[in-house]
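# Understanding the architecture of this molecule
As a plain string of letters, each chain reads:
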Amino acid sequence: MDIHQILRVVNVIVFCVCFVNGYITYIAIRLPLQGEMSAPGSPWPHPKELNSTTQTLSLDMADFEIGSNVIGCDVIEKGIARHKAMLGFGHKDDTLHAVEDLQIHVENTSCQAYPYLGMDESYTLEADQHATLRANSIWGVLRGLETFSQLVYTTATGQARINKTSIVDEPRFAHRGIMLDTARHFIPLPVLLKNLDAMSYNKFNVFHWHIVDDQSFPYQSIRFPGLSHKGAYSPVHVYSQTDIKTVVEYARLRGIRVIVEFDTPGHTQSWGKFDRDLLTPCWHNGHKGEAEYNRHGEYELMNPMLNSTFTFLEELFSEVTSVFPDDYVHLGMDEAYHYCWASNPDVRAFLTNVLGLNASDFSGLEQYYIRRVLDIVSKTHKKTIIWEDPIEKGLKADKDVLVEVWRNEQNWTNNMEEVIQRGYSAILSSCWYLNYISYGQDWRQYYSCDPHHFNGTTQEKARVVGGEACVWSEYIDATNLLSRLWPRASAVAERLWSPGHINNTDDASFRLDQQRCRMVRRGIPAEPILNGFCGDYDLGMETEAVQPSNICTNTATTVPKSNIVLTVIGVSVLLQTVRILRVD
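Residues numbered from 1 in each chain as written. Predicted model: local features only at pLDDT ≥ 70, side-chain atom pairs only at ≥ 80, totals over all residues. Heavy atoms only, no water.

## Looking at the confidence of the model for the chain
With 89% of its residues at a pLDDT of 70 or more, the chain shows a mean pLDDT of 89. The low-confidence segment residues 544–583 (pLDDT under 50) makes 92 contacts with residues lying over four places distant or belonging to another chain. (pLDDT = per-residue confidence, 0-100. Contact = heavy atoms within 4.5 Å.)

The following block contains the structure:
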């Protein structure tokens, strides 16, 4: 079975996509909502320049066409098919002129194989009777198609409408990511793909895949199959090479990069289940391989004393960098606690006799390990990302190493300043750890966090290439991932895409509510941001007002409503429908 067949099978979770108006309301009558209510069909994230008029047009999908000057490019063709499916509801208003077509013009007609850091995602959009979408690259086309689909809304009587609108748009930051941890809890493939859909609806362009950690090793290696055989939770809690190709391909078609992370020297307990010699023996009470509670385990941290450790890493990263096509690989390098190394007399001897360092210079040992691993990956012609920890400990790496700032959630600006002043480019994630939850509208704090809010020159701030919303999965699995993430991650999406001056949380709440309802309609069980309802539709409801017929159509087939049984388990949405639908 090839990748495209797999893609069709795994996406049996398909929803009828209908149009949306969100209706949030107050918490209490004495606390009326603040801010300016958004018009129907307000896009998220907010475009750089938006001129929406009161002149209203209708949309009749029976006569509506989307054309492009790029022929034979699957990214464009499948992007058009997906977005046409999103427009297939509502009916024509005969009292209004209709949008007859959307013509796409791409300046650079090459069908670039994979998205990359710095790709051109800019576009202009004119929504009129003969709508036009212009972009410099195929990636800008995808962003413009998403915006066009969000401009369409329905009236109370089910008429599809779009306001005459002009948009000039481009992202503020080049790297706009979601990090998912699939080691502490395994996240099944269909949920990963559904999350990629949600990312595309919010113009994210990086899936940072923290694929392995202490708890499990679900990556199924070609060269070292024993890593997952012994390190995964079970034989079914693994990502096969076919699964990985499916994720990469699904993401590619949505203009999303997949950056994999293999975190060392810490966070490697699951690696040691395959080969204990990869890890350093810890000592306690004069005994080798004995744990000391709350300080270290029996074996911990990669063993930097053995050349076999680095030979193994050379072979593993040679494979990994061929499996994942992105220019970057994330090497982790965070939270390498030194207690185990300090307990081992052989490590202290190695420091003095081999490295010529002080017997207690474990930061020097960590830097020795990191430099060797950076050199290994550099030979594969890949660039690297690391967490900020080694830089704080004095590591002097090549300046093309991208540093992810994650520490000090409340006072991250000092960390960012230190990284930038040392000459590195950076990604911010400190203020966007979405696995943390609190009662109320915590999306507002994520919306208010700006990667440029630190003391630095214009040139220094230009070295912040973007940010990531992170989800660590200690208390998250497939039952609650999507609702924990969305629409809170949407707040991060707008901060990373839209101009910095678009920052009024009260105004944004109305548009975010529309976006939340839009995602619910598209099959993403996004949690509510406040009291209210999603127009004439909420998750689990069937309503004739939204969909006049009893048939939900899409570009490949039709699915009778009677075949769809919607069950919500927390936020895990399952459709009891065995249909193979187009998902390209």
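## Examining the layout of surface pockets
Put simply, the largest pocket is a space of about 430 Å³. Here the lining of the largest pocket spans two domains, since at least three of its residues come from each of domain 1 (15–42 + 504–540) and domain 3 (175–262 + 306–330 + 362–502). (1 Å grid on protein atoms, 1.4 Å probe; cavity = no way out; pocket = protein on both sides within 12 Å on 5 of 7 lines; lining within 4 Å. Points joined across faces, edges and corners; volume = space filled by probe spheres on them. Domains from an automatic or database assignment.)

## Re the packing of aromatic side chains
All told, the structure shown has 26 aromatic pairs when counted by the stated rule. Geometrically, the ring pair formed by F310 and Y369 is tilted, given 5.7 Å between the ring centres and 45° between the ring planes. Of this pair, F310 sits in helix α8 (residues 307–323) while Y369 sits in helix α11 (residues 362–378), placing them 59 residues apart in sequence. Pairing W387 with W472 gives two aromatic rings, centres 6.0 Å apart and planes at 45°, and the pair type is tilted. On the criterion of sequence distance, the pair formed by W387 in strand β18 (residues 383–387) and W472 in the loop between β21 (464–471) and α16 (481–485) is long-range, its members being 85 residues apart. Like W387, the residue W472 is buried in the burial classification. Members of the aromatic cluster, connected to one another through ring pairs, are F217, Y219, F224, F262, W271, F274, F312 and F317. We note R254 situated over the ring of Y250; from NZ or CZ to the ring centre the distance is 3.6 Å. For the cation-ring pair, R522 lies above Y201, with the distance from its terminal atom to the ring centre recorded as 4.7 Å. (Phe/Tyr/Trp six-rings, centres within 6.5 Å; stacked < 30°, edge-to-face > 60°. Helix = DSSP H or I, 4+ residues; strand = E, 2+ residues; numbered from the N terminus. Buried < 20%, exposed > 50% of the residue type's maximum accessible area, 1.4 Å probe, protein only. Lys NZ or Arg CZ within 6 Å of the ring centre and 35° of its normal.)

## Some thoughts on the state of the cysteines
This structure, assessed with the given rule, holds four disulfides. Each sulfur of the disulfide joining C73 and C111 lies 2.1 Å from the other. As the torsion about the S-S bond is roughly 70°, the C73-C111 disulfide counts as right-handed. With C73 in the loop between β3 (65–68) and α2 (74–86) and C111 in the loop between β5 (101–106) and β6 (123–127), this pair connects stretches of sequence that are 38 residues apart. With a relative accessible area of 1%, C73 lands in the buried category. Covalent S-S linkage joins C431 and C449, the inter-sulfur distance amounting to 2.0 Å. The sign of the -75° torsion about the S-S bond sets the C431-C449 disulfide as left-handed. Of this pair, C431 sits in the loop between β20 (425–428) and α14 (443–448) while C449 sits in the loop between α14 and α15 (458–461); the two residues are 18 residues apart in sequence, bridging distant segments of the chain. The same class applies to C431 as to C449, namely buried. (Disulfide = S-S within 2.5 Å.)

## Structural notes on a nonpolar patch on the surface
A contiguous nonpolar patch, built from Y26, I29 and L33 and spanning about 290 Å² of accessible area, is present on the exposed surface. Looking at the element boundaries, L33 is found in the loop between β1 (23–24) and β2 (49–59). Judged by relative accessible area, which is 31%, L33 ranks as partly exposed. (Patch = residues over 30% accessible without salt bridge, like charges linked within 9 Å, V, L, I, M, F, W, Y side chains within 5 Å. Areas by Shrake-Rupley, 256 points an atom, 1.4 Å probe, with all protein chains shown as cover. Salt bridge = Lys/Arg side-chain N within 4 Å of Asp/Glu carboxyl O.)

## Some words on the sheet that holds β21
Around the barrel, which closes on itself, the eight strands sit in the order β10-β11-β12-β17-β18-β19-β20-β21 with parallel pairing between neighbours. Recorded for the sheet is a direction-independent mean angle of 30° between the axes of neighbouring strands. When strand β19 (residues 402–405) meets β20, the two strands line up parallel, connected through four bridges. Within the sheet, the bridge partner assigned to L402 lies in β20 and is S425. Where helix α4 (residues 189–201) meets the sheet, it contacts β10 (175–181) and β11 (206–210), and its direction lies at approximately 150° from that of β11. (Pairing = 2+ DSSP bridges. Axes fitted to C-alpha atoms, helices over the stretch in contact; angles between N-to-C directions.)

## Thoughts on the pattern of salt bridges
The full count for this structure, using the stated rule, is 25 salt bridges. A salt bridge links K48 to E170; its shortest N-O distance comes to 2.7 Å. Here K48 is found in the loop between β1 and β2, whereas its partner E170 is found in the loop between β9 (160–169) and β10, with 122 residues between them in sequence. Take E170: its relative accessible area is 35%, and that puts it in the partly exposed class.

## Points about unusual backbone geometry
Following W44, the chain continues into P45 via a peptide bond in cis, with omega recorded as -5°. Tracing the sequence through the fold places P45 in the loop between β1 and β2. Along the chain, W486 connects to P487 via a cis peptide bond; the corresponding omega equals 5°. Inspection of the secondary structure puts P487 in the loop between α16 and α17 (488–497). At H267, a position not held by glycine, the phi torsion is positive, near 60°. By the element assignment, H267 lies in the loop between β12 (257–264) and α7 (269–272). Judged by its relative accessible area of 12%, H267 is buried.

## Focus: the packing of α8 against α11
Two numbers describe how α8 lies on α11: the axes approach to 10 Å, and their chain directions differ by 35°. The handedness of the crossing between α8 and α11 comes out as right-handed. Between α8 and α11, the residues in contact are N307, F310, L313, E314 and F317 and Y368, Y369, R372, V373, I376 and V377, respectively. Its residues assigned to classes, the contact of α8 with α11 comprises eight nonpolar, one polar and two charged. (Left-handed = near helix turned anticlockwise from the far one by under 90°. Nonpolar A, V, L, I, M, F, W, Y, C, P; charged D, E, K, R; others polar.)

## Comments concerning the pairing of β5
Summarising the sheet, β3 and β5 pair through four bridges and their orientation is parallel. Across the sheet, residue I66 finds its bridge partner in β5, namely L102.

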